[in-house]
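# Structural description and commentary
Residues per chain are reported as follows:
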Amino acid sequence: MDQKKIIPNLWFDNQAEAAVRFYCSVFSNSRQHFISTYGRAAAEVSGKPEGSVMTVDFELEGLRFVALNGGPTFSFTPATSFFIGCSSNKEIEQLYEVLSSGGSVLMPLDRYPFSDRYAWISDQYGLSWQLYLGETRQKITPCLMFVRNQYGRAAEAMRYYVSIFENSKIEHVVYHEKNSIEKEGTLKHAAFTLSGEQFITMDSGLDHNFTFSPAVSFQIRCENQKEIDYFWKNLSAVPEAEQCGWVQDKFAISWQIVPAILDTMMQDQNPQKTESLMKAMLPMKKLDLATLKRAYDR
C-alpha cells in the first residue's frame, strides 16, 4: 500500500462502512484496506459498542482516505470538497447522477465561464464533490474554500502550508480582479502541493451558512517524535481542539498529527497490544511516540 504523507480523514455518524462501499462502487480504481474496531478503552470514551467499526482505510483513484465512525458531533460542509477531473462527458454525467442521488445540488451540471462542463454537489452522506470536465494530474483533489471570517485568507494559508511541508510548492494562482463580484485580490483559484499531494483553494465572499468543519481533517503521518513536535508547533492554534493527536490551525482547518507506525501497531492481531496502545493514547493531546511504543510492547 502506497504510504502517503497526508491523508484526508472523513468523519461519519456510524456510516463509515456503508459510505466506503458506496465510494468504492462509484470509482473503478478503488479498494478497501484495513478496518479497525473499538476496543474496550475506546468504547468507554466514545460511547460506541465494543467491537464495532472505528475506522476504514480505503483508496479512490490513487488518493488514500480514512473513514471514521465518530458519531453525530461533526458534519461535512462544502468548505472542504473533493475536486474530480473527468475525461469525458459520459464520465462526468455518470458521476453527477450517482453522487447527487439522495444528496443535493449546489451548482447543476452545466456550462460555466470557467468550464464547458462543471457541477458542485453533496452526496447522500453530505460530502461535497466538484466535477470538472478536463484532465487533472491528480484525479481527486481536496479543495479548501475560505468563507465568512476566513474569507480572503486562502492565499495566506496556501503560502503558510507550503512553507512548513517539505516537497511542496505553489503551482498556479488566479486572483479576483477589479470589478469582480468578489473583493479585488482575493483568491479565485489556486493549486498547490504539500508533500507531493495536490490541493486546490479559493476564497468566496458569498453569504454562506457554513465554514470549515473537523468532519474533514488531514492526517499527517510522522516518522519520529521530532516531526510530531514540529507539526504540532506549527499547526496547533486552538488549545481546546487538541485531543489525541487532533489540532485546529489558525485558519480553522483540522489536522491529525500521528506517527506513521501507528497503522502497523493498530493492525496487530494481538488485542492486548492494541488495547494497551489505545489506553495510552486516549488521554494524550500531542502524541508521545516513546510512550505509545512502551504501551504497545508491554
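Coordinates for the structure precede this section.
All values reported here derive from a predicted model rather than from experimental measurement.

This part is about the pattern of salt bridges. The full count for this structure, using the stated rule, is twelve salt bridges. Linking Arg-111 and Asp-116 is a salt bridge whose minimum nitrogen-to-oxygen distance equals 3.0 Å. Each of Asp-57, Arg-64, Arg-221 and Asp-263 takes part in a single network of salt bridges with overlapping partners.

Judged by side-chain polarity, Ile-170, Val-173 and Tyr-175 come together as a nonpolar surface patch covering roughly 220 Å² of accessible area. Residue placement: Val-173 occurs in strand β10 (residues 169-175).

Next up on the list: helix α5 (residues 225-235). Buried within α5 are the following residues: Glu-227, Ile-228, Phe-231, Trp-232 and Leu-235. Relative to the axis of α5, the buried residues are bounded by an arc of 130° and lie together on one face. Structural note: α5 exposes Lys-226 and Lys-233 on the side pointing more than 90 degrees away from its buried face. For α5, the secondary structure elements touched by its buried residues are α4 (154-164), β13 (216-222), β14 (246-248), β15 (254-259) and α8 (289-297). N-cap assignment for α5: the residue whose side-chain oxygen lies 3.3 Å from the backbone N of Lys-226 is Asn-224.

Relative to strand β8 (residues 128-133), strand β5 (residues 80-86) runs parallel, the two being bridged by six bridges. Counted as the bridge partner of Phe-82 is Trp-129 from β8. Pairing between strand β7 (residues 115-122) and β8: five bridges, direction antiparallel. Looking across to β8, one finds that Ser-122 is bridged to Ser-128.

As a rule of thumb, soluble globular proteins bury nonpolar side chains together. Counting 101 residues, the largest nonpolar core has Tyr-23, Trp-129, Tyr-161, Phe-165 and Trp-255 as its most contacted members. In terms of residue count, α4 provides more of this core than any other element does, eight residues in total. Not counting chain neighbours up to four residues away, the residues in contact with Trp-255 comprise Ile-6, Tyr-161, Phe-165, Leu-194, Ser-217, Phe-218, Ile-220, Leu-235, Gly-245, Trp-246, Val-247 and Asp-249.

This part is about the side chain of Ser-81. Note on placement: Ser-81 falls in strand β5. On the basis of relative accessibility, which here comes to 0%, the residue Ser-81 falls in the buried class. Here the side chain of Ser-81 touches Gln-130 through a polar contact of 3.0 Å, side chain to side chain. With residues near it in sequence (within four places) discarded, Ser-81 still touches Trp-120, Ser-128, Trp-129, Gln-130, Thr-141, Pro-142 and Cys-143.

The rules we used
- Here the residue numbering is sequential within each chain, running from 1 through the sequence in written order.
- For this predicted model, a pLDDT threshold of at least 70 governs which residues receive local features, and a threshold of 80 or more governs which side-chain atom pairs are given and counted, while totals over whole chains, interfaces and linings are taken from all residues.
- Heavy atoms from the whole structure form the basis of all side-chain values; hydrogens and water molecules are not counted.
- What counts as a salt bridge is simple: a side-chain nitrogen of Lys or Arg found within 4 Å of a carboxyl oxygen of Asp or Glu.
- Two joining distances apply to patches: 9 Å for like charges and 5 Å for nonpolar side chains (Val, Leu, Ile, Met, Phe, Trp, Tyr), and every residue must have over 30% relative accessible area and no salt bridge.
- The Shrake-Rupley method, run with a 1.4 Å probe, gives the accessible areas here. Residue values count only the displayed protein chains as cover.
- Only runs of H or I of at least four residues qualify as helices and only runs of E of at least two qualify as strands under DSSP, and these elements are numbered from the N terminus.
- Exposure is judged per residue with a 1.4 Å probe applied to protein chains only, and the accessible area is read against the type maximum: over 50% gives exposed, under 20% gives buried, and values in between give partly exposed.
- What the arc describes is the spread of directions from the helix axis to the C-beta atoms.
- In this analysis, two residues are considered to be in contact whenever any of their non-hydrogen atoms come within 4.5 Å of each other.
- What qualifies as a polar contact is a pair of N or O atoms within 3.5 Å, subject to a donor-acceptor requirement within protein and to the restriction that residues adjacent in sequence count only when both atoms come from side chains.
- Should DSSP find at least two bridges between two strands, the strands are taken to pair.
- Remark: nonpolar core denotes a set of buried residues (Ala, Val, Leu, Ile, Met, Phe, Trp, Tyr, Cys) joined through side-chain atoms within 4.5 Å.

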